[in-house]
Amino acid sequence: MKMNALLFYFLLGISWAHAQETISGVVTDQQRTPLPGVSIVVEGTNKGAVTDFDGKYSITASAGEILVFSYLGFKTEKRSVSANNNTISLSMEEDSQLLEEVVVVGYGTQKKKEVTGAVAQVASEELVKIPVSDIGAAIQGKVSGVNIQAVSGRPGEAANVQIRGLVSINGGEPLYVVDNIPQEGNPNLAPEQIESIDILKDGASASVYGVRAAGGVILITTKRGKKGKMKIDLNTFTGIQNITSGTPLSNTVDFLYNRETTAEVGGDEPQTFLLDANALDWDTNFVDEVQNDNAIIQNVSFNLSGGAENLTYNFNTTYYKQEGVLISSDFDRLTNRITGQFTKGKFKAFASASLTTENRKQEPWNLFGFAIQNVPHSAPFDQINKTGENTVLISAANEIFYGFLSRQLDNVDERENKSNSISLNLEYEVLDGLSYKLNLGRNEGQYFRKFFQPQYLALDRNGNLSPAASTLNAELDYNYWFSKRETIEHILNYKKSFGLHNFDLLGAASYEKYRWRSLNVGTVFADDASNDVQVLNAGADPKSPNEFQNGYTLAGKLARLQYNYDGKYLLSASFRRDGSSKFSPETRYGNFYGFSAGWNVTDEKWFNVDAINNLKIRGSWAQTGFNGIPDYAFIPSIEAGVNYPFGTDENLVNGQIQRRYANPNVAWETTISRNIGFELGLFNNKLNITADVYQNDKEDMLINEQTAPSAGLWQPRAQSTYGSVALNAGNMVNKGVEFAANYKGKIGDKLNFGISGTWTLNDNKITNLNGKTLGQSGGTINRDNTTFLALNNPAGSFFLLQNDGVIKTEEELTEYQQLDLSAISSPQLGDLRFKDINGDGAINDKDRIFSGSGIPQWEAGLNLNLDYNNWDLSVQSYMAYGTEVYNGNKNLAYIGGRHQDQVFQWTPQNPDSDIPTFRQNEGHSNVRGFSDWFLEDGTYLRIRSMSLGYTIPNTQDYGVDRIRLYLNSVNPFTFTNYTGYDPEVGGDSLFNRGVDNGNYPIARQFMLGVQLSF
């Protein structure tokens, strides 16, 4: 009996052994990149395996058993073993919930589930989808509550970034923190070097950074290495750019017709052919002359990473080159960054170092404006007759205006910006749960500009020298800027759990020092100097050098408590005290508090809604500060620039004097922030929704109060510079709603898709101007300011006279002349008339009213991602609604009679025209900047980016982990009613947003690229 049983079990064992099969395969991600370290387990057993560096594995299993594949950051996959298939390969799908589980919150990290503030994250793969040089442009439309507008289309230009509205009427931007080290402005990192961006939008999240956090905080984490074999990634693309729109200008025939009808209206005869008998010989579009069609754009990025168990590294070098779509402009940047992490026991260390060199050539000043206004019956630049080494003969009707443009074409404006940074984070666990961390950082910058204006001697058609059209003597200027920023932070962190009570206590002390120095030298060359010799010691008349040195220090202390009960009830409280040398000892220190709370409703036992996987409600209140004022504005300072005739011979000598009043009581600007929001996950977290409502009250904003002329500080063209005093007397409010949603799904076995969208509404209003209704102004167009600070209106709004159409009949003219029109041009038939808004019987600045703002009323982004087999498609769009744009280019064209509309202007023969008559006078009210005639609707919908890629399969057999080919287009389509070059007019200041005053146009780009992984 025992023998029979033994034989039975022996035969059963042989049968079982024969049923075991060796299963092998390759595991990759959705982009076909091998995944090392994937765990494969036979379900219900202890048998397992792990993929190697190439994603390969092998494991023994029987038919019918289930293999479970799991990997951090990816969804767990299961595959059944069949009798006739020994190979199981698969592509694992990323789990967005796991990837976003930990976010950076300032001075640490936190599980996304436990975050109580309004924090948004953008991952590296999202940043590189749009091939741009600026991180702001890379995230446009991807984060609700973050407004991003291009300052201009100039190569390498950084975008305006605003988080939840304007920081202050005195400027301001978000605080950038790179690898735990605060920066001085935008760090201008290459997007390829960034692992993730975390944006602290509400005051409670940002208040841990105190006085610099009023504009929100952008936390940048650079790429780290991962343990495993060395990995190499290469991404390169090349493309072209061009301008797709512009101001419609008349050709020679239309322009001469306009001149003829204009002369007839004035009772004169046209003089064109008397001055230029060959006027019909040319039909030159000078805008085309200064454009660089099909400008080249290139990028090469190389990344190397890897590491062992306790030591990892990552090195990236990226070269970006962009030619300008306007002549004499381009940009290139070479940036290198290396990071390393070391862990041993309770000790952790992280180091990061970078070196960046930027070179920029900038187009001549007002290049577009001069090109628009030059008449078409002049010879193009390549037809200028050169009569000497530096002498040309200009046969144009107006050689002076022609010379304004032509003499600048050989200008040399070269700028080099070198920067380096190093940061070191050291951490040691002193006791269980108690750690000490030291952050050290140093940033240095060196800026150099060479500006050379060559000698350009212009002769008129009679051969006589025209000084106004010439540059009589060449000039050379060198400008230097040196800066250094040093940071040290000591941080104690204690984390402890008592049952279901979880505590995270943090204390920090920080010190920052910033210093800068500028040096300017130059010379004027002799009459007979060669333009080829561009060195200072070749000059004949050196300019007086000048040098400036300045800086400030900032010290702060921080305490923060983060608490949660069982992950359900969440609380965070922080206190920061900052001191800044920018303020007097009496107002030097400020206290900033932050509180936030959250409730994970879905963790409650009583909550049982199958469709809802995650529901969190949160709210916050906080104070943040703003110290963006000039250094040492609280003490009187002695300044140069005032010369005085001294001695019996009254020789002019350099003098120094106090040129402005100081305010010893100048203090912080403070923001009170309130926020309430929720986060919702539906249908197994396939659909995620986030919404927030907020209000940010800006208190004690600095307002530059103008002094009376009797104060003795007014100077020509600099009244606001020297004749004003800064007072903490202004208030402003930003109210808004944010909404973001994303959905990821799958159709069939091969089609994966993702849809995400954002919508943001921000309402900005000035609530106090120290008792005034109208304050500072700017946005100058043809002598007149167009944008103002006005009570109960958005900061920098348009305040303009309202036009009432063209005066077409004698009756209309007579009626209009009953008003007091002394502040404007004497009206005639064909002129614009303006509305008497206040009914006082006069047309003047008192009739200006709110006419809109250059800031959108709301904006939205919509992104689509598709992945089918080896193909991928990405489309990103952005919409800005309710913005107004002042079309300064149209104004320039009207001033010169160059606009195509003016061919159909009002004349006695065309009495029904709505186009005002060209008066050949730039000071005439028809073309002055004070009216809304040139103001247009700036609403636009833009396809921001389109990308189509193909990943070549089975490249691992050739030693390449991944090859992806792609086509990309940036700004391929823009839908708008704006008639200028581009409706995205960010401007370079509060008062220039929405003012298109000859701005460098934004281009459309088409690129072809390849991505390689080894």
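Residues numbered from 1 in each chain as written. Predicted model: local features only at pLDDT ≥ 70, side-chain atom pairs only at ≥ 80, totals over all residues. Heavy atoms only, no water.

**Observations concerning the overall build of the chain**
Part 1 of the argument: Regarding its fold elements, the chain presents 13 helices and 53 strands.
Part 2 of the argument: A principal-axis box enclosing the C-alpha atoms of the chain has dimensions of 135 × 65 × 65 Å.
Part 3 of the argument: By sequence separation, contacts in the chain at least 24 residues apart represent 69% of the contacts at least 6 residues apart.
Part 4 of the argument: A total of about 45600 Å² of accessible surface is found on the chain, and carbon and sulfur atoms cover 54% of it.
Part 5 of the argument: Here the chain holds 86 positive side-chain charges and 114 negative ones, and the gap between their average locations is 11 Å. (Helix = DSSP H or I, 4+ residues; strand = E, 2+ residues; numbered from the N terminus. Contact = heavy atoms within 4.5 Å. Areas by Shrake-Rupley, 256 points an atom, 1.4 Å probe, with all protein chains shown as cover. Lys, Arg positive; Asp, Glu negative; His and termini not counted. Charge placed at Lys NZ, Arg CZ, Asp CG, Glu CD.)

**What about the pairing of strand E16 (residues 217–222)?**
Part 1 of the argument: Taking burial as the measure, the 6 residues of E16 include 6 buried ones, the bulk of the element.
Part 2 of the argument: Here E16 shows no split at all, with Val-217, Leu-219 and Thr-221 on one side and Ile-218, Ile-220 and Thr-222 on the other all buried.
Part 3 of the argument: Bridge count between strand E13 (residues 175–178) and E16: 4 bridges; the pairing is parallel. Each bridged residue has a counterpart across the sheet, and for Val-178 the counterpart in E16 is Ile-220.
Part 4 of the argument: When strand E15 (residues 194–200) meets E16, the two strands line up antiparallel, connected through 6 bridges. Opposite Leu-200, over in E16, you have Val-217 as the bridge partner. (Buried < 20%, exposed > 50% of the residue type's maximum accessible area, 1.4 Å probe, protein only. Pairing = 2+ DSSP bridges.)

**With respect to the packing of aromatic side chains**
Pairs of aromatic rings are described using the distance from one ring centre to the other and the angle between the two planes.
Part 1 of the argument: Taken as a whole, this structure holds 38 aromatic pairs when the rule is applied.
Part 2 of the argument: Their ring planes at 65° and their centres at 6.0 Å tell us that Phe-381 and Tyr-402 sit as a pair that is edge-to-face. Here Tyr-402 lies in helix H10 (residues 399–406) and Phe-381 lies in the loop between helix H9 (367–373) and strand E22 (385–386), a separation of 21 residues in the sequence. Both residues of the pair, Phe-381 and Tyr-402, count as buried.
Part 3 of the argument: Look at Phe-788 and Phe-799: their rings are 6.4 Å apart centre to centre, the planes differ by 70°, and that puts the pair in the edge-to-face class. Residue Phe-788 is found in strand E41 (residues 787–790), and its partner Phe-799 is found in strand E42 (residues 797–800); the two are separated by 11 residues along the sequence. The two residues Phe-788 and Phe-799 agree in class, both being buried.
Part 4 of the argument: A connected cluster of aromatic rings, assembled from ring pairs, spans Trp-365, Phe-370, Phe-401 and Phe-404. (Phe/Tyr/Trp six-rings, centres within 6.5 Å; stacked < 30°, edge-to-face > 60°.)

**Examining the UniProt feature "domain: TonB-dependent receptor plug" (unreviewed entry) in the chain**
Part 1 of the argument: This chain's UniProt record puts "domain: TonB-dependent receptor plug" (unreviewed entry) on residues 111–217.
Part 2 of the argument: End C-alpha atoms of residues 111–217 are separated by 19 Å, and the span's content is 11% helix alongside 26% strand. (UniProt positions renumbered as here; feature names shortened; annotations may be inferred.)

**A closer look at the environment of Phe-548**
Part 1 of the argument: Within the secondary structure layout, Phe-548 lies in strand E30 (residues 546–565).
Part 2 of the argument: Counting along the chain gives 67 residues from Phe-548 to Trp-481, while the straight-line C-alpha distance between them is 9.4 Å.
Part 3 of the argument: Not counting chain neighbours up to four residues away, the residues in contact with Phe-548 comprise Trp-516, Arg-517 and Ser-518.

**Let's talk about the side chain of Ser-470**
Part 1 of the argument: Along the polypeptide, Ser-470 turns up in the loop between strand E26 (457–459) and strand E27 (475–498).
Part 2 of the argument: Here Ser-466 takes part through its backbone oxygen, which lies 2.7 Å from a polar atom of the side chain of Ser-470.
Part 3 of the argument: Here Ser-470 is in contact with Arg-407, Tyr-456, Leu-457, Ala-458 and Leu-465, once residues within four sequence places are set aside. (Polar contact = N/O pair within 3.5 Å; in protein donor to acceptor, adjacent residues only side chain to side chain.)

**A closer look at the pattern of salt bridges**
When charged atoms on two side chains of opposite charge get close, those side chains can pair.
Part 1 of the argument: Here the structure, examined in full by the defined rule, presents 41 salt bridges.
Part 2 of the argument: Measuring nitrogen to oxygen at the nearest pair gives 2.7 Å for the salt bridge that ties Glu-512 to Arg-212. You can see Glu-512 sitting in strand E28 (residues 501–524) and its partner Arg-212 sitting in the loop between helix H5 (203–206) and E16, a full 300 residues away along the chain. Side by side, Glu-512 and Arg-212 carry an identical accessibility label, which is buried.
Part 3 of the argument: Across the pair Asp-845 and Arg-848 runs a salt bridge, and its minimum N-O distance is 3.2 Å.
Part 4 of the argument: The exposure class of Asp-845 is exposed, given its relative accessible area of 53%.
Part 5 of the argument: Classification of Arg-848 as buried rests on a relative accessible area of 13%.
Part 6 of the argument: A network of salt bridges, in which partner residues are shared, links Glu-184, Arg-212, Arg-485 and Glu-512. (Salt bridge = Lys/Arg side-chain N within 4 Å of Asp/Glu carboxyl O.)

**Considering the confidence of the model for the chain**
Part 1 of the argument: The pLDDT averaged across the chain works out to 89; a share of 96% of its residues lies at or above 70.
Part 2 of the argument: A low-confidence stretch, residues 1–18 stays under pLDDT 50, and its non-local contacts, those more than four residues away or across chains, total 0 contacts. (pLDDT = per-residue confidence, 0-100.)

**A few points about the sheet that holds strand E10 (residues 119–123)**
Part 1 of the argument: Across the sheet, which stays open at both edges, the 5 strands sit in the order E10-E15-E16-E13-E14 with mixed pairing between neighbours. Here the strands that pair on one side only, and so sit at the sheet edges, are E10 and strand E14 (181–182).

**Considerations on a nonpolar patch on the surface**
Part 1 of the argument: A contiguous nonpolar patch, built from Ile-676, Val-693, Val-737, Phe-739, Trp-759 and Leu-761 and spanning about 470 Å² of accessible area, is present on the exposed surface.
Part 2 of the argument: Contributions of two or more residues to the nonpolar patch are made by strand E38 (724–747) and strand E39 (751–769).
Part 3 of the argument: Looking at where Val-737 falls in the secondary structure, it is placed in strand E38.
Part 4 of the argument: Accessibility expressed as a relative area gives 33% for Val-737, which makes it partly exposed. (Patch = residues over 30% accessible without salt bridge, like charges linked within 9 Å, V, L, I, M, F, W, Y side chains within 5 Å.)

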